Each structure stands twice: as structure tokens, then as C-alpha cells.
Amino acid sequence: MEVFNKLYSSVSNTVSQLSGVLPGNPVTREFEATQFIASAGPGLLWKMYKGYKKSTKQEASIFVFEKKLLDRFTKADRDIMLETLKRGIVQLTKLRHPQILTVQHSLEESRESLAFATEPVFASLANILGNMENMPQPPPSHLNNYKLYELEIKYGLMQVAEGLAFLHNDVKLLHHNICPESVIVNQQGAWKIFGFDFCIANQSSAGAAPYWPFNEYCQAMHALTQPSLDYLAPEYILSASHSPASDIYSLGMVIYATHSPTHQTLGNIGSDYGKFKRFANELRNLSPSRLSCVADGLREYVKLMLNVTPELRPDPHQFLKIPYFEDVGVKTLNYLDSLFQWDNLQKSQFYKGLPQIIQKMPHRICIYRILPCLTKEFVNAPMVPFVLPNVLLIAENSTKEEFIRYILPVLKPVMLIQDPIQILLIFMQKMELLLKLTPGEEVKTDILPMLYRALESDAQQIQELCLSVLPTFASLIDYPAMKNALLPRIKKLCLGTSYLAVRVNCLLCIGKLLEHLDKWLVLDEIIPFLPQIPSREPAVLMGILGIYKLALSHQKLGITKEVMATKVLPFLMPLCVENGLTLSQFNALISLVKLMIGRVEAEHRAKLEQLNSIQNESKGMEALVNSTTSPDTLVSAPGPASDVEQLFSGLGLQGSAPAPAGSLTSGGSLTAGGGSLSIEDKQRIAQQQKVAQKMNHQPLPTPTPISKPPPSRPVDLTSSLLHSNLNQLSNKPLQNTPNYNPILQSPGTTPQYQQFNQIQSPSTQFNQIQSPSSQLNQSTGFSPSLQSPQYNIQPNYQLQNQNQPFTGQNWPPGAPSGNFDNKWANNQNNQTKMKQDWSAFESLLPTSENGNVKKSDNEMMDLLR
């Protein structure tokens, strides 16, 4: 949290500093300033901000001069200072050279400030040497304890000398203020000339000798409005002249200040003009011991550059040729800056030897100086195989943060290049490095698609390298990508390749990926795929065997007994007789087969034992239900077993006898062949057990013995029923009650009687005479199919008094009558209140003398009789 607070405070300070300066400046329309990083120029008056261009998001630096800094000046000095600063930036904008700071947006002025934009910069040389004037406090972190390497100093001085050569020979311009405040170090570490505030242009005509007008130093003016006395050449005061050699003197003093432990000049003059005069005279007898801090190869040349006589000083070209710059590192950096002038053959030769140089260079130079030059070659595809190893070599010495910021963004486009094929090969060889430094999200989006393309490549070496590195980051691959993208490509490669090594590597890769897969993906995708592999070489067979062993023994995976019995074992058994197997390979194969057979046997035996226990329980329940059957029930005894039955009796094929049609086990669900019972089956079995227990505790119904009537002559049943029906039509009440036999009399039940009063006619009455079994069903509600007790009941249809009609009044006392719908009986009870209607039979009666029909009831009954 402290880091975020510091970052927030830094951003807030930058915004607050710029809020009163830049809003009115036109530079803010195109550029956005984000961080105050350095200062430069005379008195370090220019503040340098890190920023970017709004339209293209391209990095840039914004230089800002706040006019309020001149409030301590007099009005005359303030006006001179403003004009001097403006003139320097205008001159800088006109110049274009690699060793001169590049301006991206020209100078803009507002009421509060001056501003312009340049290429991205790091700091001024004065800031690097410890001068933090006009800088935020505390200073930026990138400048803390910053030390220049000797190689950086060598190449920086070389660049400044090249810039001076351009100014003196091509532009005919004197800089007139070469000092650490006028040297800018850009983001790549290159030294660029800046601060043309006091430059002097050539005033001679074309073809004439150059002439630079001379202006004497004015002590009345402010020191910042004139060149720095610490770096001003002695002839300025000794002979009132200047020349290109004056800039060489200034460069010599910069070299001394750079190497000096205190980073001070020899004279340490400051703004004291009198001290400057004395020091100019002392230079005539400069002791070599005072230059002891300067490097050995450069010391004598620095003494020459600081000579009082301008003509004895070396010019820029001579300075560039001294042995001090004959350094491998300097030459390498110089070659990188001029690569655009070479052809591909020269470039390839240079890149081949570059790794040996990179290993000897400071890492900061590799990151900020060499890497940007190398990445420019990525647009040239034929050169990528030569450049890429050098970039990855720099990545090996980089931190993860440096890799993500500087290297990974430039590698992403290269990962998409498929031709030349060597690019993929280099990436495969350095895949471990990439996986170590690349964040997980970029692995999924950039590296994994590159591996897919490598699997589809035709190069055997690339395929093998890709298969070897895939398992190392399998944990970063999500499940859909593994199932739908990676595994299908590996399987396709394994089936289609003609290289044995590639096929074996495919199997090894799949074996290493198993722990990242789930059980069903292995059973659905991996196990069915193995028998499809066309080759039967021992190496391939051992790879297949290894996958089976891993899948079988892994606690998360496992192979079901059905898969082993139907797919794996039928595939492995023929492999056991392959002639190419060695003894150890055969032993490994046969031991796996035995292991699988043992597992199939154990698992299936356990299942059958479970089913057998369920069947036994079902049979016990059936026997319990059958035990309630009457002992009088006849059961056929089993016949003797035939020879065939005896032959198969020991194989468990006889099964159990089918349950009766009406048994408690409906549909035979208790003896189903399923390995386990569902919750519904278990609930049904429990309910059946409960019903069986209730039936066991109930007393058995006992039938009432039927009294046998005395033997009598046979009676015609039809005539008897017809006579009984006719008696019901008579008007005479019945006097005697016939002897009714109950159909079923059991303890705890109400006697039921035959319903002869429902018989309406002789024909229907005869049809309604039911069999004993049907009467039993209607009267008791029991069915023979439910294994109920059997009763031997003989119906008795004989009436004791055949001459009496059967009516509802003849029921014995206590017999139920509410269960019968007997309309005829009800009419008999009300016959005193209602008269019979005989109109339908009037045509059968004789007529009287007057023509009337006799309608007495007795006559009607006599007629019907």
C-alpha cells in the first residue's frame, strides 16, 4: 500500500506542478506529461517531463521552462534570458543529426511558460553527475546512485565528438557552451548535444573562410545569460577569440568532470570572472598529476585538449581516431547504430558474433542500448533467426519486470512468424526461459498458439521439442483448450507421423499430461485412441503400456472394469505374443494384463455377490408370504432332474423359479439383474416386507362348516326359480323363512347372503347364478391370485318351502339388508297402500255382459297360474 501511496503522491505532485504552467501552452493539445524526471540547460532551468503523444501514444519528453523562475532577475536580464532560451530551441529545431537531440514539437510560448517536445530522454549529464538543481525532492528513483560505466562514457564522448564534427564541418556552427548541462542522455543511453543558447553561426560568405563574431564576457549581466566559465576556453580571455577548438577545450573539461570523483572542473570557477582569469594563466603550466583521475588511455589526449594554444588541440575527427575508442564494446555500439547501411550478409556475420560480446557488456547497456537496435531487425524476416538468439540471451540476464516491459512486447509479433522455420526452433529451444519470465495470461494468448503451430509443423526436431516442453506448463492450460485444441493435435500427430521418435514422444507427452486430466476425459479420449496407433514397435508398445499403468494406478483417474474387459484387454492380449518384445518388456506387459484381469474379477465378483444377496432376500420374502397359504393347498412336487439338468446344475444357470402371478414381488423387480438398487426399489421392498409382517401377525380366517342337508330327491333348479319368481307377484304375505346358508363366515366379519331378491326373471335369475369361485370373490373381496386361504364352500340353492315366494321379509334376523337394492321387496312392504296395475293383461280376461272387463286381482293371478 505504501508503494501506491508514493505513486499517487508523485502523480499528484506532477499534476499540481503542471496545472499552473501547461494548461495555457499549445503543447498540451498534442502531448500529455506524466512525470517530472530531470532538468537541463543553463542553470538547469528546463524541466524535463516524461510523457506521450496523445494521437499515437508514442513516448516523448516535454521540456518546460517556467517564467516565474526569472522573477529574481532584473527586467533586462529577464528579457535577455528569455530571448537566449528561445534562440537556443529554435536553433536546435533546425538541426537533424543522430548525435543532436531530436525535436518532435517546436517551441510554444504561453503567458506562464515555454515548452517543446523531444524524443524520450533519461536525464541530462549534469543530473547523472549529481547536480540536482531545479529537480523534485527527493530526486527521481532512477537517478539514485546512478553510475556511468566506462563503456557508456567512451561511447558517449564518441557521440558528442561526432556531433561537434557535424556542427563544425557541415553547419559551420560553434556551440560555445559544451558542458554537462548541455548534454542529454536519451532513453537508450545515447549522448545528445543540447543547449544551443549561446551558439555562434558562421558569418562569412559562401566559399570564404568561416568567421564567428566574438562577444566579450560582461560581468554586469547575469551569469546564466552567458556561457559557463568553468567550461569556457582560456583564449576567450587571453586573446579575445574563439574557434572550433574552443568547443574541443570544453569537451576536454567535460571528460575531466566526468572522471573526477567530485565531478568538478579543474578550476572550480563558478561565476567568478577573476578566478577564471587566474585559471587561464595556470593552464600554461598544467601538471599531469592533476589529470590522474582520467583513464590511462585518455589522459594524454585530455591534456592536449586542455592546451592553452587552440591550434594544438585535436579536431573532432582526430579525437575519434585515438586508441581509446578502439574498444570492442564501442565498435559494437557503433556498428549497431549504422546497421541500416549494411546488407543481409554483413548483418548475419555481425549477429553471429554478437552473443560473445553481449556476455561481456553491462546489462544496462544491453537493455537500453543494444536491444532497441536489435528489435528494429524484426521487420526483416530473413534476419530474425540471427537476431532472435541475441534478444533471448539478453532476456536470460533480465529480471521478470524488465522482460515484461522491454522484451516481451517485441517478441509477440515474432511468435507469429512461421517462415523461416528456424524461428520456431529457436523458441522451442528457449521455451523454458519464456515460461519462466512470461506471465500466465500471455502464455495462454501468445505462447500456447505458437506451440499449436509447432505441432502442425513438418520439422521433426520442432515437433519433438514442442512435445517435450508442453507438460511443463500444462497447469496453465485450461480444460477447454486441453480438450478441444491440444489433445486433438497431439493425437493427430501421433497417428499421422512417419517418425518413430515423434510417435513415442507423443505418447510420453500424453502420459505426462494425464495428471492434469479428469477421469472421463481419459476414458473418452485417451483410452479409445491407443488401439488406433498403427505401429507395434516395442518403444510404442511400452509408451502405450505406460499410459495404461498411469491411468490404472492414478488415484484421480482409474479405468472401469467394463472398459478393461471390453476395450483394453482385447487390445493387450494379442500384444503379448509380439515377437519384437524383450523379456523385460514382455514381463511388464503380462503383469499389466494379470493386474487388469484380477481387478475385473474382484470387482465383478463383488457385484455378483451383492446381487446374489438381494436375490436371497427376495426369495426369503416370497417364502414368508407363501407360508400363509392353507396347508390344504395342493402343491405339485418337483420331478426328478434329468441328465441335462444335472449337467448344468453346478454352473448357476438354473436360476430361481418364477414367482406366482399374484406374488408380492410385482414384475420380478426384486430379482432384477442391476448391480445396485435405486431408492424407489428399496422403498418398494421395504413396503412389501411391512405388508408381509402384518399378514403374518393376523389370525387366519376359518370357514364356517357347511351343514349337509338330508338326502332328498333332485330338484329341477329352473322350475324352482321360475316358481319363486311367480310367487313374488302374488299378494299373499310369506309366513315362513327359508333356510339361507351364508356364503362365507369368518371371525371378525359380517355374514353375507345370496341376493336372490335381485333376480327379476327366470332367465336373468339363472344367468346370475355364479360359480363358487365368483361368489367367493364378490362376497369376501379375496382373490385366489393373492394366495389367500382356500375354502371348500358348496352353495345350497334349495329352499325349504318351495311353495312360498322369496321376499325381503324372509331374511333371517340380523341379516344385512342395507346392501341390496331390492325394489320388489319394497313393493311387497307397501302392497297394502298400492294396487297392482293389470292393464297390460286386460286383453286376456273375459268380458261381462255389459262389455266391461273383470279386473280382480285373484282372477289375474289365476290367469297367470
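A short tour of the structure in this document, coming up. Bear in mind that the values here come from a model prediction, so they are computed numbers and not experimental data. (Residues numbered from 1 in each chain as written. Predicted model: local features only at pLDDT ≥ 70, side-chain atom pairs only at ≥ 80, totals over all residues. Heavy atoms only, no water.)

**Quick notes on the sheet that holds strand 4 (residues 103-109)**
Part 1 of the argument: Spatially, 5 strands are ordered 1-2-3-5-4 in an open sheet, and the strand pairing comes out antiparallel. Looking at strand neighbours, the two that pair on one side only are strand 1 (31-40) and strand 4, the edges of this open sheet. Recorded for the sheet is a direction-independent mean angle of 25 degrees between the axes of neighbouring strands.
Part 2 of the argument: Of the pairings in the sheet, the one linking strand 1 to strand 2 (residues 46-53) comprises 8 bridges and is antiparallel in character. Paired with Glu32 across the strands is Tyr52, a residue of strand 2.
Part 3 of the argument: Running at roughly 155 degrees to strand 4, helix 2 (residues 75-94) makes contact with strand 2, strand 3 (59-66), strand 4 and strand 5 (113-118) of the sheet. (Pairing = 2+ DSSP bridges. Helix = DSSP H or I, 4+ residues; strand = E, 2+ residues; numbered from the N terminus. Axes fitted to C-alpha atoms, helices over the stretch in contact; angles between N-to-C directions. Contact = heavy atoms within 4.5 Å.)

**Overview of the pairing of strand 4**
Part 1 of the argument: Note that strand 4 and strand 5 share 4 bridges and pair antiparallel. The partner of Glu108 across the bridge, within strand 5, is Ala115.
Part 2 of the argument: Joining the antiparallel neighbours strand 4 and strand 5 is a turn of 3 residues.

**Observations concerning the packing of helix 11 (residues 344-358) against helix 13 (residues 384-396)**
Part 1 of the argument: Here helix 11 crosses helix 13 at 15 degrees, and the two axes come no closer than 8 Å. As judged from the angle between their axes, helix 11 and helix 13 are roughly parallel. The crossing of helix 11 and helix 13 is left-handed. Seen from helix 11, the contacting residues are Ser348, Tyr351, Lys352, Leu354, Pro355 and Ile358; seen from helix 13, they are Phe386, Val387, Asn390, Leu393 and Ile394.
Part 2 of the argument: Classifying every residue of the contact of helix 11 with helix 13 by side-chain character gives 8 nonpolar, 2 polar and 1 charged. (Parallel < 35°, antiparallel > 145°, perpendicular 65-115°, else oblique. Left-handed = near helix turned anticlockwise from the far one by under 90°. Nonpolar A, V, L, I, M, F, W, Y, C, P; charged D, E, K, R; others polar.)

**Examining the sheet that holds strand 6 (residues 121-124)**
Two orientations exist for strands paired in a sheet by backbone hydrogen bonds: parallel and antiparallel.
Part 1 of the argument: The strand order across the open sheet built from 3 strands is 6-8-9, with neighbouring strands paired in antiparallel fashion. Either end of the sheet is taken by a strand with one partner, and the two such strands are strand 6 and strand 9 (191-193). Strand-to-strand, the axes of this sheet are offset by a mean angle of 35 degrees, without reference to chain direction.
Part 2 of the argument: Both strand 8 (residues 183-186) and strand 9 contribute to a ladder of 3 bridges, which runs antiparallel.

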